[in-house]
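Architecture at a glance
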Amino acid sequence: QVQLVESGGGLVQAGGSLRLSCAVSGRTLSSFAMGWFLQTPGKEREFVAAISRSGGSTDYADSVKGRFTISRDNAKNTVYLQMSSLRPEDTALYYCAASVRRTFTLKLTTYWGQGTQVTVSS
């Protein structure tokens, strides 16, 4: 009964900022490595950022390095994606993912949220 619920998406002008949140229930957040992915119509889901169970290690897609920051608050069972200097090409449906491994490619060990829409106007 692990459930992930994203929030914080919306419409923002280019250059603006948003903070996405992912609330995890059913299991303590510390059980999972966490990640954020995006998807646009007609394209495959793409990696955005990931963070280790303890928060001591992070990884980012090249396109978001220096602009996005992933963080986690295990006490609140919540993961965040702080997005700054947003660009129209950042427009996408953003998904939160939880994995018992440091990979999100295996469906048996990965949980996904329903996504939250981010739209950046030019």
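Rules used in this analysis
- Residues numbered from 1 in each chain as written.
- Predicted model: local features only at pLDDT ≥ 70, side-chain atom pairs only at ≥ 80, totals over all residues.
- Heavy atoms only, no water.
- Helix = DSSP H or I, 4+ residues; strand = E, 2+ residues; numbered from the N terminus.
- Phe/Tyr/Trp six-rings, centres within 6.5 Å; stacked < 30°, edge-to-face > 60°.
- Buried < 20%, exposed > 50% of the residue type's maximum accessible area, 1.4 Å probe, protein only.
- Salt bridge = Lys/Arg side-chain N within 4 Å of Asp/Glu carboxyl O.

We now examine unusual backbone geometry. Of note in this structure, asparagine 77 is not a glycine but carries a positive phi near 50°. Its identity is not glycine, yet serine 85 carries a phi of approximately 50°, on the positive side. Relative to the assigned elements, serine 85 resides in the loop between strand 8 (78–83) and strand 9 (92–99).

Right, let's get into the packing of aromatic side chains. Scanning all chains against the criterion turns up four aromatic pairs. Relative to phenylalanine 47, the ring of phenylalanine 37 has its centre 5.7 Å away and its plane inclined at 70°; by these criteria the two rings are edge-to-face. Residue phenylalanine 37 is located in strand 4 (residues 33–39), and its partner phenylalanine 47 is located in strand 5 (residues 46–51); the two are separated by 10 residues in the primary sequence. Relative accessible area serves as the criterion here: at 32%, phenylalanine 47 is assigned to the partly exposed category. Ring geometry for phenylalanine 37 and tryptophan 112: centres 5.0 Å apart, planes at 65°, overall edge-to-face. You can see phenylalanine 37 sitting in strand 4 and its partner tryptophan 112 sitting in strand 10 (residues 110–112), a full 75 residues away along the chain. Overall, phenylalanine 37 belongs to the buried group, its relative accessible area being 9%. Of the residues examined, tryptophan 112 reaches a relative accessible area of 29% and is grouped as partly exposed. Each member of the aromatic cluster is reached from another via a ring pair, and the members are Phe37, Phe47, Phe104 and Trp112.

By the definition in use, this model includes two salt bridges. The closest approach of N and O atoms between aspartate 62 and lysine 65, which form a salt bridge, is 3.1 Å. With a shortest N-O distance of 2.8 Å, arginine 67 and aspartate 90 are connected by a salt bridge. Taken together, the residues span a long stretch of sequence, with arginine 67 in the loop between strand 6 (58–60) and strand 7 (68–73) and aspartate 90 in the loop between strand 8 and strand 9 at a distance of 23 residues. Just as arginine 67 is buried, aspartate 90 falls in that class too.

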